[in-house]
Amino acid sequence: MIRIGQAGIPLSCKGRTNKDGLIYTKQVLDLNAMEIQFVRGMYVMEEEEAQFMKTYSKENDIELHVHAPYYINLAGDSEETDLSFEKILFSAKLADKMGAKTVVVHLGFYGEETAKKTMKVIIKNLKKLQRSFKKEKIKTHLGIETMGKQKVFGSLDEIIEICKSVKGVIPVIGVGHIHARTNGGLKKREDFEEIFKKLKPLRLRHYLIHVTGVLYENGNEYYHVPIKKGDMPLAPLIDVILDNNYNVTLISESPLLEHDAVYIRLQVERAIMKRTGKEQANYKDLSEIK
Ligand SMILES: [Zn+2]
């Protein structure tokens, strides 16, 4: 199955609450996923809105994810770590109330430490976090994202290694970030195949994939750009997904949000038509692909 959505309230949606954004995602965009952004500091969502998100998304088959605030450091001093715990737990509790599948977090910075030492500290803190999730009966999964800058923890290999060490933690595959960090490493079909090959030992039944164009230099991401403005091709990724019948959710985190989510949709449907030989396709129906 392929799900497609955008990271945040659609730009073209007049109402600016998450509730407005969710309804718009269904009724206007006809997409079936949304990632709620709690990225700028603490976001307060009323109980009532969270309940609505849960009911509406369930009734309309829209998959929800949540992105925790950007600035998190699980490899910093105790003050930073405590604050990060607070942000993650706050986001996770709300995510759980909404019935969201994943709460996405960034892990932190190497600082003065070696990659190995940083990994050790992060694993210790993630295990502690998972215990809190259990205690609070949070069913939403903690998703850890690949990052696009060298000084930020989170190469694909590091993220996979952590997922192997901490039970219940899942990878969030930011292909734009991987592309930037590997200085334009995602060009061909084999490059995307390699990602799934590396992920295979985790035996995931579903992949949460963030998609954006990205400007980068020397293995460092500068900023997100529209998919068409970046140099990472989308077609080989879609081919790999369709050929392997991977169960994925593609979230546009391009500055064009829903416009690029719809662009992803068109690319997916074009790839389906190529396979079925028909002149129409719907990304929600892959049954005719041989
Ligand atoms: Zn992120």
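Calculation notes
- Residues numbered from 1 in each chain as written.
- Predicted model: local features only at pLDDT ≥ 70, side-chain atom pairs only at ≥ 80, totals over all residues.
- Heavy atoms only, no water.
- Helix = DSSP H or I, 4+ residues; strand = E, 2+ residues; numbered from the N terminus.
- Rg over C-alpha atoms; globule rule 2.2 N^0.38 Å.
- Buried < 20%, exposed > 50% of the residue type's maximum accessible area, 1.4 Å probe, protein only.
- Areas by Shrake-Rupley, 256 points an atom, 1.4 Å probe, with all protein chains shown as cover.
- Core = buried A, V, L, I, M, F, W, Y, C linked by side-chain atoms within 4.5 Å.
- Contact = heavy atoms within 4.5 Å.
- Patch = residues over 30% accessible without salt bridge, like charges linked within 9 Å, V, L, I, M, F, W, Y side chains within 5 Å.
- Salt bridge = Lys/Arg side-chain N within 4 Å of Asp/Glu carboxyl O.
- Lys, Arg positive; Asp, Glu negative; His and termini not counted.
- Charge placed at Lys NZ, Arg CZ, Asp CG, Glu CD.

> So what's going on with the overall build of the protein? Which residues, and what values?
The helix and strand inventory of the protein stands at nine helices and ten strands. Taken over C-alpha atoms, the radius of gyration comes to 18 Å for the protein, in line with the 19 Å a tight globule of 290 residues would show. Seen through its C-alpha atoms, the protein measures out along the principal axes to roughly 60 × 45 × 30 Å. Expressed as a percentage of its 290 residues, the buried residues of the protein come to 56%. Surface exposure of the protein reaches about 14100 Å², of which carbon and sulfur atoms provide 51%.

> Talk me through the nonpolar core; I want residue IDs and the actual numbers.
Within the largest apolar cluster, 83 residues are counted, with the highest numbers of intra-cluster contacts made by Ile2, Leu107, Leu126, Ile162, Val175 and Ile209. It is helix 3 (residues 78-98) that contributes the most residues to this core, seven residues altogether. Other than its neighbours up to four places away in sequence, Leu107 contacts Ile72, Asn73, Leu74, Ala75, Ile122, Leu126, Ile144, Phe153, Ile159 and Ile162. Core analysis: the second largest hydrophobic core is formed by six residues, Ala7, Ala33, Val104 and Leu208 among them.

> Tell me about a negative patch on the surface, and name the residues and values.
The grouping of Asp77, Glu79, Asp82 and Glu86 at the surface amounts to a negative patch. Its location among the elements puts Glu86 in helix 3.

> If you had to explain a nonpolar patch on the surface to someone new, which residues and values would you point to?
There is a patch of nonpolar side chains on the surface, built from Leu215, Tyr222 and Tyr223 and spanning about 330 Å² of accessible area. Along the chain, the position of Leu215 falls in strand 8 (residues 213-217). On the accessibility criterion, Leu215 (35% relative accessible area) is partly exposed.

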